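Close look at the chain arrangement
If you want the building blocks of each chain, they are given just below.
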Amino acid sequence: MPVSRASSSRPSHEGTGSTPAIRKSVPAKHRTAAARAASSSGVRKTSGARRAGGREHTRASGSTNVAPRADGGFIDARRMPSEDVVAKTLRETSGALGIPTRPKVIDFNARLKEKRRAGARTIALRVVAVVAAVAAVCSLVWLLFLSPVLRLETSQISVTGGNEWVSGDDILAIADKQSGKSLLLVSVKDVTAQLTNIPGVTEADVTKRYPHGLSVKVSAQQPAAMLKASDSQMVAVDSRARVLNTVGHTSTKGIPVIEVKDVEASLKNKSVKEALKVLGGLSDSMRSSITKVTASTQDSVTTELNGGEHVVVWGDSSDLKLKMAIVDKILSDPDVIGDKTQVDVSAPSRPIIK
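About the cut-offs
Residues numbered from 1 in each chain as written. Predicted model: local features only at pLDDT ≥ 70, side-chain atom pairs only at ≥ 80, totals over all residues. Heavy atoms only, no water. Helix = DSSP H or I, 4+ residues; strand = E, 2+ residues; numbered from the N terminus. Expected span 1.5 Å × (residues − 1). Buried < 20%, exposed > 50% of the residue type's maximum accessible area, 1.4 Å probe, protein only. Pairing = 2+ DSSP bridges. Axes fitted to C-alpha atoms, helices over the stretch in contact; angles between N-to-C directions. Salt bridge = Lys/Arg side-chain N within 4 Å of Asp/Glu carboxyl O.

1. A short note on helix H7 (residues 270-281)
Spanning 12 residues, H7 covers 17 Å between terminal C-alpha atoms, matching the ideal 16 Å at 1.5 Å per step. Turning to H7, its buried residues are Ser271, Val272, Glu274, Ala275, Leu276, Val278 and Leu279.

2. Details of unusual backbone geometry
Residues Tyr210 and Pro211 are joined by a peptide bond in cis, for which omega reads 10 degrees. Position of Pro211 among the secondary structure elements: in the loop between strand E4 (201-209) and strand E5 (213-220). For Ala241, which is not glycine, the phi dihedral falls at a positive 60 degrees. Assignment of secondary structure puts Ala241 in the loop between strand E7 (234-237) and strand E8 (243-246). Positive phi is not limited to glycine here, since Asp319 has a value of about 50 degrees.

3. What about the sheet that holds E4?
Overall, mixed pairing links the three strands, which are arranged E3-E5-E4 in an open sheet. On the outer flanks of this sheet lie strand E3 (157-160) and E4, each paired with one strand and no other. Adjacent strand axes in the sheet meet at a mean angle of 15 degrees when their direction is disregarded.

4. Re the pattern of salt bridges
Tallying each qualifying case throughout the model produces four salt bridges. Arg242 serves as the salt-bridge partner of Asp238, at 2.7 Å between the closest nitrogen and oxygen. Both residues of the pair, Asp238 and Arg242, count as buried. Residues Lys340 and Asp339 are paired through a salt bridge, measuring 3.6 Å at the closest nitrogen-oxygen approach.

Next comes the structure, spelled out in structure tokens:
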């Protein structure tokens, strides 16, 4: 089969490094199936590449959906996250009722001034609160302690329990020292202590009567004894050796008498003090029968009953209630006392009858 070779009229160029292309023409019917398939595939690749190139060129020139990448390539805009700019703007500028408003512009100077004003308001409120609290406390203090609302008035002080030996005026004078004060400032303990220091007062009870009163009740005793000096002057004293008042027109009947050389000196004598404790603890019936009291020492207090009918040796003032019970039992039973006249209970566990 004849083959036609097309010869190139171009001369070869040996220094250029290129080889002239030689084209062989082979009839289609003599080509093999593989050659025809290769030729067809090449044509399809070439046409596909051309079509793709055309589309990419068209997209690059006329479409905005493709964005260039940093490395020079392109990004598919369809895969990028989309955002509705209009909806975002409406959302950021919507008001309380959903109506679009003008976007808020932040003014930092105005914001700083507003913050300063808020701080000043806070400080002012705190100052006002502190001033109000101080004013309230001061008003309450004035109301309770300085105002007339709870002030003790002299006319509202009541005194009971005095006798001819304990003057009610002395008791009132002590209570009246608290007049003009608020009852909240009146110390019941202090007033009670002052009242019990009055000679003859053995007990005192002080009670506040709001809003202006004070109730004072005392227990005043009869003199424990009368101290009779050599000049026939008699002075009433209580069981604590405190002088009540000089006997004037007051009856001294039933009050034991102790003869002493000097009243002032005897008030400091231990024997006299112990005798006064014994006499102050006896019952009124026994005290009324005492006609003489002697005490050579503080452990030998002796009383004479009914002009010497009986003599009781008390010793000291210890266990006085027990001693009184023993003496009462002995003196009240004729079979026990018999014709004896003296009862010694200085040792109460072993009384002696003579």
